[in-house]
Structures are given as structure tokens and as C-alpha cells.
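# Commentary on secondary and tertiary structure
Now for the letters of each chain:
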Amino acid sequence: MTKYRDLLCETHDNEIGSVVGCGLDRLSRDVSSYEIGAAIAFYTNNKSQIKEFPINTRREAVKEFIANDMQVPSYIRT
């Protein structure tokens, strides 16, 4: 499923679509517009750290952030 990847590639850019969108797609559920905005903000605010990780870990960080009530994963320093 690439619902959120496709949406964010169209409305933002390929990086946001590839990382944030794919991370949201991993949730396998519908995501609210609030959650989408929060995921984009999380990625943008922590981008310098997140970019150090492989692409799959970046996507997983976005998934974990939303799945865990918007708690920053422990491996991301805040």
C-alpha cells in the first residue's frame, strides 16, 4: 500500500513522501490529517538525526512516532 507515500509526494516532495509517507503506510490503517501533520513535523524537526539512519529505519521511526501516541522513539535524541 502506498496511499500516504503517493499523497505526500504530490503535496510535498519526494523525500517527505518516501520517508514520512512510507512510514505512515506501514501503520496499515487510515491516518488522520492531524497525524499526517504531526509526522511531517516530527521528521522535519529531527531530520538531521533521522537522516543518519538507513531508509527503512527512518520510515520505522515515523511509524513508531505515530503508533506510540507521538512519543519520540528512544533512539532519536531530542
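Whatever comes next refers back to the structure up there.
Attention here is on the structure that accompanies the text. Predicted model, so just to flag it, every value in this text is computed and none were measured.

## Examining the environment of valine 72
- Among the secondary structure elements, valine 72 is positioned in the segment after helix 5 (55–67).
- The class of valine 72 is partly exposed, set by a relative accessible area of 33%.
- Expressed as a C-alpha distance, the spacing of valine 72 and phenylalanine 42, which sit 30 residues apart in the sequence, is 8.1 Å.

## Remarks on the packing of aromatic side chains
- Overall, the coordinates contain two aromatic pairs when judged by the stated rule.
- Ring centres 4.3 Å apart and planes at 5° place the aromatic pair phenylalanine 42 and phenylalanine 65 in the stacked group. On the criterion of sequence distance, the pair formed by phenylalanine 42 in helix 3 (residues 33–45) and phenylalanine 65 in helix 5 is long-range, its members being 23 residues apart.
- Taking the centre distance of 5.7 Å and the plane angle of 90° together, the rings of phenylalanine 53 and tyrosine 75 count as edge-to-face. Of this pair, phenylalanine 53 sits in the loop between helix 4 (47–50) and helix 5 while tyrosine 75 sits in the segment after helix 5, and the two are 22 residues apart along the sequence.
- Given a relative accessible area of 22%, phenylalanine 53 falls into the partly exposed group.

Criteria and cut-off values
- Residues numbered from 1 in each chain as written.
- Predicted model: local features only at pLDDT ≥ 70, side-chain atom pairs only at ≥ 80, totals over all residues.
- Heavy atoms only, no water.
- Helix = DSSP H or I, 4+ residues; strand = E, 2+ residues; numbered from the N terminus.
- Buried < 20%, exposed > 50% of the residue type's maximum accessible area, 1.4 Å probe, protein only.
- Phe/Tyr/Trp six-rings, centres within 6.5 Å; stacked < 30°, edge-to-face > 60°.

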